[in-house]
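Residues per chain, in single letters:
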Amino acid sequence: MIKKIGRFTFTVITVATVSILSCANGLYKSNTDTTDSLSDKYKDLFHLGAAINEDIIMGRDSQSKNIVTSEFNSITPENSLKWMYLQPFPNKFNFGAADKYVELGKKNNMHIVGHALVWHNQLADFMKTTVSPDEFTNHVENHINTVVSRYKGEIHAWDVVNEAFNEDGSLRPSVFKKQMGDNYIEDVFKLAETADPDADLIYNDYNLYKPAKLAGVLKMVKRLQANGTKINAIGAQAHWRLNSPSLDEIEQIILHISELGVEVMFTELDITVLPNPWELVGAEVTQNFSKFEGDPKMDPYPKGLPKSVEKQLAKRYEDIFKLFVKHQDKISRVTFWGVMDKHSWLNDWPINGRTNYPLLFDRNYQPKKAYNKLINLIGN
Ligand code: G3I
């Protein structure tokens, strides 16, 4: 497997011991006993990234932006490159935020990820109402050609298809399958390759620790490989919990994916600390649990995370990263789904308006115990 770490020259800003970076209205400081940033520490192992929202991209949240440019060497757009924002109406493209996103990554010599070309969620309305398969396919071709070509050589890796499989490993009956047929995944990977032959092409999904779902994805990858269709990596999203999936289940993801000779990426890592009584797992965003809104039992830490849970979260991150380090030869990127707790999607999913603590930086933009564990895991 070819690791991509050496492909770029990183000029990472070093955060000195208890050094302080001034921000618009507060201070972001590294309080560790190391002179390296997080991505400095992991630079020989894998890319370390964060998903960034539009406030960061457009410069409205300079504190988060400082954290991103100091601590990470890869970025993924949380929403700004999704179809509904890029092409809301037929052939009417809006590249404002996307251009700014790429500019930010280039300016900071980052590994820039495109998310996501083909996804049944956050798709433009016109695609849901287009009735003719030919017309639908033309729109898909136009979308991929236009978007991938625009950022050719600038966006280094694309989530070409997102969340195409059911939990039992069968193909999700999405509008793409319905309109383009069962072979649509292969078709769109080919389109992406034609538009930028040098970009890394990724298939991205959640719950890949479930053997049946992973088996469905692996079967698809083998089919693409047998047909000579380019696919570089499988992205396991990693929206996980304090106690599950187990480390063994995570290790199985790594081993099975790498056996196919493609890179393993953990593309959307975060760890919820809130109750999940319906045994709801994964990240299927269309589930609606509004009846639980405002229920204090479902939102136990509105005023702060108890020390015991904070420790548990830090240990969970440490255990997961020990596994990642063990398999660094197979993993090419680990990306957190967000920068700081306050802006995480997990405050509003699966129940709106809760207070969650899934990331490495707290609501005051300060590094948490989990951050310290990860930075101290790698020797100086
Ligand atoms: O754009 C509207 C804005 O006009 C409006 O004022 C605002 C009011 O709530 O909503 C804005 O849209 C929100 C959008 O994020 C942009 O902020 C949507 O309500 C909200 O549902 C949407 O959530 C995103 C979710 O995908 C939608 O599916 C999350 O931010 C984003 O983190 C999440 O990301 C997905 C990955 O793409 C794929 N894997 C799962 C992951 C988590 O669900």
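Cut-offs and rules
- Residues numbered from 1 in each chain as written.
- Predicted model: local features only at pLDDT ≥ 70, side-chain atom pairs only at ≥ 80, totals over all residues.
- Heavy atoms only, no water.
- Helix = DSSP H or I, 4+ residues; strand = E, 2+ residues; numbered from the N terminus.
- Buried < 20%, exposed > 50% of the residue type's maximum accessible area, 1.4 Å probe, protein only.
- Contact = heavy atoms within 4.5 Å.
- Areas by Shrake-Rupley, 256 points an atom, 1.4 Å probe, with all protein chains shown as cover.
- pLDDT = per-residue confidence, 0-100.
- Phe/Tyr/Trp six-rings, centres within 6.5 Å; stacked < 30°, edge-to-face > 60°.
- Lys NZ or Arg CZ within 6 Å of the ring centre and 35° of its normal.
- Core = buried A, V, L, I, M, F, W, Y, C linked by side-chain atoms within 4.5 Å.
- Near = heavy atom within 4 Å.
- Polar contact = N/O pair within 3.5 Å; in protein donor to acceptor, adjacent residues only side chain to side chain.
- Nonpolar A, V, L, I, M, F, W, Y, C, P; charged D, E, K, R; others polar.
- Expected span 1.5 Å × (residues − 1).
- Salt bridge = Lys/Arg side-chain N within 4 Å of Asp/Glu carboxyl O.
- Right-handed = clockwise from strand over helix to strand, strands pointing away.
- Pairing = 2+ DSSP bridges.
- Lys, Arg positive; Asp, Glu negative; His and termini not counted.

Asker: Please explain the overall build of the protein chain as it appears in this structure.
Answerer: Along the protein chain, the regular secondary structure elements total 13 helices and eleven strands. For the protein chain, with 380 residues in total, the buried portion stands at 58%. Across the protein chain, every contact between residues at least 6 apart in sequence was considered, and the portion connecting residues at least 24 apart equals 79%. In the form shown here, the protein chain has an accessible surface area of approximately 15400 Å², with 50% of it arising from carbon and sulfur atoms.

Asker: Can you help me understand the confidence of the model for the protein chain in this one?
Answerer: Detail in the predicted coordinates should be disregarded across regions flagged by low pLDDT. Chain-level statistics for the protein chain give a pLDDT mean of 91 and a share of 88% at 70 or above. Every residue in residues 1-26 scores below 50 in pLDDT, and together they form 78 contacts with partners more than four places removed in sequence or on other chains.

Asker: It is not clear to me how the packing of aromatic side chains should be interpreted in this structure. Could you clarify?
Answerer: Aromatic ring pairs are reported here in terms of the distance separating the ring centres and the angle at which the planes meet. Summed over the entire model, instances satisfying the criterion amount to 18 aromatic pairs. One aromatic cluster is present, formed by Tyr42, Phe46, Phe72, Trp240, Phe266, Tyr317, Phe321, Phe324 and Phe336 through successive ring pairs. Against the face of Phe95 rests Arg150, its NZ or CZ located 4.0 Å from the ring centre. Just above the ring of Tyr206 sits the side chain of Lys213; from NZ or CZ to the centre is 3.7 Å.

Asker: Looking at this structure, I do not really get the nonpolar core. What am I missing?
Answerer: A general trend in soluble globular proteins is that nonpolar side chains are found buried together. Of all hydrophobic cores here, the largest spans 107 residues; its most connected members are Trp240, Phe266, Phe321 and Phe324. For Trp240, the contacting residues outside a window of four places in its chain are Tyr209, Pro245, Ile250, Ile253, Phe266, Leu269, Asp270, Ile271, Thr272, Arg316, Ile320 and Phe324. Trp337, Trp345, Leu346 and Trp349 belong to the second largest nonpolar core, which has five residues in total.

Asker: Honestly, unusual backbone geometry in this entry has me stumped. Any pointers?
Answerer: Outside of glycine, negative phi angles account for most residues, and trans bonds account for most peptide bonds. Of the consecutive residues His115 and Ala116, the connecting peptide bond is found in the cis state with omega at -10 degrees. For the bond running from Ser244 to Pro245, omega is 0 degrees, close enough to zero to count as cis. Of note, Pro245 is situated in the loop between β9 (239-241) and α11 (247-259). Within the chain, Asn109 stands out as a residue other than glycine whose phi angle is a positive 50 degrees. With respect to the helices and strands, Asn109 occurs in the loop between α5 (96-107) and β5 (111-118). Exposure remark for Asn109: the relative accessible area of 32% places this residue in the partly exposed category.

Asker: Help me understand the site of the ligand, please; the structure alone is not making it clear to me.
Answerer: Glu78, Lys82, His115, Glu268 and Trp337 are the nearest of the 16 residues found near the ligand. Between the ligand and the protein, one listed contact pairs an oxygen atom with a side-chain N or O atom of Gln122 at 3.2 Å. Within the contact set of the ligand, a nitrogen atom lies 2.9 Å away from a side-chain nitrogen or oxygen of Glu163. Protein chains shield 53% of the accessible area of the ligand, which is 800 Å² for the free molecule. Grouping the amino acids of the shell around the ligand by side-chain chemistry returns six nonpolar, six polar and four charged.

Asker: Quick question: what am I supposed to make of helix α12 (residues 307-326) here?
Answerer: Every α-helix winds through 3.6 residues per turn, so residues three or four apart in the chain are directed the same way. When the terminal C-alpha atoms of α12 are compared, their 28 Å separation across 20 residues agrees well with the 28 Å that a helix rising 1.5 Å per residue should span. Elements that come into contact with the buried residues of α12 comprise β3 (47-52), β9, α11, β10 (263-272), β11 (331-336) and α13 (369-377).

Asker: Even after reading the chapter, I still don't get helix α3 (residues 62-71), so can you show me in this structure?
Answerer: With seven of ten residues buried, α3 is to be regarded as a mostly interior element. Of all the residues in α3, the buried ones are Gln63, Ser64, Ile67, Val68, Thr69, Ser70 and Glu71.

Asker: Just to check I follow, could you spell out the pattern of salt bridges for this structure?
Answerer: Think of it this way: side chains of opposite charge can pair up when their charged atoms draw near. Counted under the stated rule, the structure contains 14 salt bridges. One salt bridge in this structure joins Lys106 and Glu154, with 2.6 Å as the shortest N-O distance. Placement of the pair is Lys106 in helix α5 and Glu154 in the loop between α7 (133-150) and β6 (157-162), with a sequence separation of 48 residues. Residues joined by salt bridges that share partners form a network here, namely Glu167, Asp205, Lys210 and Lys213.

Asker: Just checking my understanding: could you explain the pairing of β10 for this structure?
Answerer: Side-chain direction in a regular strand flips from residue to residue, so the side chains alternate between the two faces of the sheet. Of all ten residues making up β10, ten are buried, and the element is well covered by its neighbours. At this point the chain moves from β9, through α11, to the parallel β10, and the crossover so formed is right-handed. Sheet topology note: the β10/β11 ladder contains four bridges and is parallel. Bridge pairing links Phe266 to Val334 in β11.

Asker: Looking at this structure, I do not really get the side chain of Glu71. What am I missing?
Answerer: Within the secondary structure, Glu71 is located in helix α3. Buried charge without a salt bridge: Glu71, with Lys41 as the nearest opposite-charge side chain at an N-O distance of 10 Å. Of note is the side chain of Glu71, whose polar atom sits 2.8 Å from the backbone nitrogen of Leu38.

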